[in-house]
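Take a look at the letters that make up each chain.
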Amino acid sequence: MKQLPDPSEFLLKWKGDVLTVTLALDKPRKGRAAFRTNLGRAQVRRREIIAETERGEVPLARAWTDIAMTETGPGVFKVDIPLSEVGVFSGKACFFPEGSNVPEWPEGDNLHIKVEPDDLRKNCSIYTVFPRQFGSFREVARRLPLIMDKMGFKIIQTLPPFPVPTTYAVMGEYGCPFAATDFYSVDPAMAEFDEFATPLDQFRELIDCVHARRGLFFVDLPANHTGWASTLQTHHPDWFNHEADGRFHSPGAWGVKWADLVELDYSNPELREELTRRYLKLAAGDPEGIFDLTQSDDWGDEFCNCAGCRALVEKYGTPGAPLFDYAKELCGRLAEKYPKAGVRFLAYRKTQTEFPPNAAFGRFPANAYPTLAPINDDFTKPLDHPNNIETLENFRKWTAVSDNQLTWSYPMPYGANKRPPFAAIRRWTRDMRLLADAGREPDVGREDLGGLRPRALVVRPPGPVAERELAETAAVLKALDGLAVASPEIAGNPAEVDEHAARPDERVDGLRRVRRIRLVERIDDRVDPASRKP
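Residues numbered from 1 in each chain as written. Predicted model: local features only at pLDDT ≥ 70, side-chain atom pairs only at ≥ 80, totals over all residues. Heavy atoms only, no water.

Undergrad: What's the story with the overall build of the protein in this structure? I'm lost.
TA: Along its length, the protein carries 13 helices and 25 strands. Contacts spanning at least 24 positions in sequence make up 74% of the contacts within the protein whose residues lie at least 6 apart. About 24,200 Å² of surface is accessible on the protein, with carbon and sulfur atoms providing 53% of the total. (Helix = DSSP H or I, 4+ residues; strand = E, 2+ residues; numbered from the N terminus. Contact = heavy atoms within 4.5 Å. Areas by Shrake-Rupley, 256 points an atom, 1.4 Å probe, with all protein chains shown as cover.)

Right under this line is the structure:
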């Protein structure tokens, strides 16, 4: 017998679509057919995830049910299923011969169906703002006509908006935005004095302004750690990681300790419950938001040496197990009350979270967005180069435990004599192809200066652009059929910017200017001068 869509296939659908499944027998026989699936049963699955992660209960797959198929011809059965829920589901058609309750199955694994919100079919570009640089939340709101209407970004992501130390353990003149001292408040320095509105009210105003433009709002909540003297550290010091001699543990990277941060212990159930309450409170104000579960990886191999974290590492076979275990629990709790809310976290260093959990972990819920950020890679080489092949293999492994894989791409290679924009177009488009071939079409790509757009936009590099690279880019984009390339901003000192100055109407402000080539519309003009339009 044969099923269409083919078993083992991964389908990307949108809420409101109709999934049609057909089962054709080898020859006509008496009996009935059904499509066994968990479609339409997302709430049951979420409850099982929460019970498994919070209480250790064994999931019993109660979400699965049979949907009867109609015989449309001799030995041919069909069913049309409206997709009314967002999530990742599975299913497979089967046949029951007359008088038997034992199903017969077509060859292959289950069919997997990922259902996305209808309003995310297109234009999922991300603009990251640091409200402190704008002056205030309200000043960011005043710039939304430029950012969202003129520049075309749909998603606004803010760096952590929370209060930071101002005197005790403050690092730098203004303090690091990731050294949050209270996850229930926002930094009053980012608000304008108003006798009628608190700083938190003004932050909510910004969210409302984004939603009024039919946009999405991402909040970066650095829940891996806090700043010194935070409310959590003051009242619950036992919720933090400690060194062997009893000192609070500070995270870090690249051999540098981030001394303004103290790291939380994810194996502590009381801490988990408190963090979940705070995420739920944020989601109450932004039910469709994507919330970051930010971690700051150490340069060592483990987050924590406590018994609870060590047990999780041994159970799931990855140093990132404490983070992943809590992310799974948090996603289930969020989705139960706010089905459109999601959680994003990094799959970051090769010694830590780039490695996914093993089969004992199961799968992440559909609202989890692990983001592969290969900071240890050779940015001048594609992913299938021997220097980077391990990253590509890890990405393939992530597809076994998560239905979403975001990629934090680095098209601006770091290093001496490489100032932005250094757009490695050929390498980057090849990476997009490799990631798509690895088992998932990249939903969103991120890099250090920009976000993806539905139409391909690339920055014009300094100096002449190789015509061959542009032609190769166009060919790759055409083959990818809609995958997009990010459009980083040009940033630097005025002398560097003026060398590649944009037209006046393209300026963001005096020091940051943007010049973009609409590649899919102008590629012929760049490759064939004879076809240049006036």
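Undergrad: Help me out: how do you make sense of the pairing of strand β17 (residues 290–293) in this one?
TA: For a regular strand, side chains alternate in direction, first toward one face of the sheet and then toward the other. Burial of β17 is two-sided: the residues Ile290 and Asp292 facing one way and the residues Phe291 and Leu293 facing the other way are all buried. Where strand β12 (residues 216–221) meets β17, four bridges bridge the pair, whose relative direction is parallel. Note that in β17 the partner of phenylalanine 218 across the bridge is isoleucine 290. Pairing of β17 with strand β18 (residues 342–347), which is carried by three bridges, proceeds in the parallel orientation. Within β18, the residue paired with isoleucine 290 across the bridge is glycine 342. (Buried < 20%, exposed > 50% of the residue type's maximum accessible area, 1.4 Å probe, protein only. Pairing = 2+ DSSP bridges.)

Undergrad: Before we go on, may I ask you to explain the side chain of threonine 353 in this structure?
TA: Looking at the secondary structure, you find threonine 353 in the loop between β18 and β19 (368–372). On the accessibility criterion, threonine 353 (0% relative accessible area) is buried. Polar side-chain contacts of threonine 353 include one of 3.4 Å to the backbone oxygen of leucine 346. (Polar contact = N/O pair within 3.5 Å; in protein donor to acceptor, adjacent residues only side chain to side chain.)

Undergrad: I keep staring at the pairing of strand β11 (residues 155–158) and nothing clicks. Help me out?
TA: Residues Ile155 and Gln157 point to one face of β11 and Ile156 and Thr158 to the other, with burial holding for every one of them. Two strands pair when backbone bridges link them, and strand β10 (residues 126–129) and β11 are joined in this way by four bridges, in the parallel orientation. Looking across to β11, one finds that tyrosine 127 is bridged to isoleucine 156. Note that β11 and β12 share four bridges and pair parallel. Along β12, the bridge assignment pairs isoleucine 155 with leucine 216. Running through helix α4 (residues 199–212), the crossover from β11 to the neighbouring parallel element β12 is right-handed. (Right-handed = clockwise from strand over helix to strand, strands pointing away.)

Undergrad: Sorry if this is basic, but what is going on with helix α1 (residues 42–55) here?
TA: Each α-helix turn comprises 3.6 residues. Residues three or four places apart therefore point the same way. Here α1 spans 20 Å end to end across 14 residues, near enough to the 20 Å set by a 1.5 Å rise per residue. All of the buried residues in α1 are Ala42, Val44, Arg46, Glu48, Ile49, Ile50, Ala51 and Thr53. On its buried face, α1 sits against β8 (87–97) and α8 (321–337). Count one or two residues on from α1 and you reach glycine 56, which has phi positive near 70 degrees. (Expected span 1.5 Å × (residues − 1).)

Undergrad: Before we go on, may I ask you to explain the nonpolar core in this structure?
TA: Across soluble globular proteins, you tend to see nonpolar side chains buried next to one another. Counting 68 residues, the largest nonpolar core has Ile156, Leu293, Phe345 and Phe364 as its most contacted members. Per element, the largest residue contribution to this core is eight residues, and it comes from α8. Setting aside its immediate chain neighbours within four residues, leucine 293 contacts Leu221, Ala223, Tyr266, Tyr279, Leu323, Tyr326, Ala327, Val343, Arg344 and Phe345. Ala42, Ile81, Phe95 and Leu111 belong to the second-largest nonpolar core, a separate cluster that totals 20 residues. (Core = buried A, V, L, I, M, F, W, Y, C linked by side-chain atoms within 4.5 Å.)

Undergrad: Got a minute to help me understand the pattern of salt bridges in this structure?
TA: In a structure, side chains of opposite charge can pair up when their charged atoms sit close to one another. Under the defined criterion, the tally for this structure stands at 22 salt bridges. Of the charged contacts in the structure, one is a salt bridge between glutamate 48 and arginine 45, with a shortest N-O distance of 3.9 Å. On the criterion of helical spacing, the pair formed by glutamate 48 and arginine 45 is a turn pair, its members being three residues apart in helix α1. Residue classification places glutamate 48 among the buried positions, given a relative accessible area of 8%. Within this structure, Arg138, Glu139, Arg142, Arg143, Glu192, Asp194 and Glu205 form a network of salt bridges that share partners. (Salt bridge = Lys/Arg side-chain N within 4 Å of Asp/Glu carboxyl O.)

Undergrad: Looking at this structure, how should I read the environment of glutamate 274?
TA: For glutamate 274, the location among the structural elements is in helix α6 (residues 269–285). On the accessibility criterion, glutamate 274 (9% relative accessible area) is buried. For the pair glutamate 274 and leucine 232, spaced 42 residues apart in sequence, the C-alpha to C-alpha distance is 9.5 Å. A polar contact of 2.3 Å, which involves the side chain of glutamate 274, links it to the side chain of arginine 277.

Undergrad: Got a minute to help me understand the side chain of arginine 138 in this structure?
TA: Its place among the elements puts arginine 138 in helix α3 (residues 137–150). Within polar-contact distance, the side chain of arginine 138 engages the side chain of glutamate 205 at 2.9 Å.

Undergrad: Would you mind going over helix α9 (residues 389–398) with me for this structure?
TA: Every buried residue belonging to α9 is among Thr391, Leu392, Asn394, Phe395 and Trp398, and all of these are buried. One face of α9 carries all of its buried residues, which in axial projection span an arc of 160 degrees. (Arc of directions from axis to C-beta.)

Undergrad: Sorry, what's going on with unusual backbone geometry here?
TA: Across the chain, the bulk of peptide bonds are trans and the bulk of non-glycine residues have phi less than zero. Omega for the bond connecting leucine 4 with proline 5 falls within 30 degrees of zero, at -5 degrees, which places this linkage in the cis form. Assignment of secondary structure puts proline 5 in the loop between β1 (2–4) and β2 (10–14). Positive phi, close to 80 degrees, is recorded for serine 8, a residue that is not glycine. Mapped onto the elements of the fold, serine 8 is located in the loop between β1 and β2. For alanine 169, which is not glycine, the phi dihedral falls at a positive 60 degrees. One can find alanine 169 in the loop between β11 and α4.

Undergrad: So what exactly am I meant to see when it comes to the packing of α6 against α8 here?
TA: When two helices pack together, you describe them by how their axes are tilted relative to each other and by the distance separating the axes. Relative to each other, α6 and α8 sit at 45 degrees, their axes nearing to 10 Å. Relative to α8, α6 is oriented oblique. Considering the relative orientation of α6 and α8, their crossing is right-handed. Contact residues: α6 offers Arg272, Glu273, Leu275, Thr276, Tyr279, Leu280 and Ala283, while α8 offers Pro322, Asp325, Tyr326, Glu329, Leu330, Arg333 and Leu334. For the contact of α6 with α8, the per-class residue count stands at eight nonpolar, one polar and five charged. (Axes fitted to C-alpha atoms, helices over the stretch in contact; angles between N-to-C directions. Parallel < 35°, antiparallel > 145°, perpendicular 65-115°, else oblique. Left-handed = near helix turned anticlockwise from the far one by under 90°. Nonpolar A, V, L, I, M, F, W, Y, C, P; charged D, E, K, R; others polar.)

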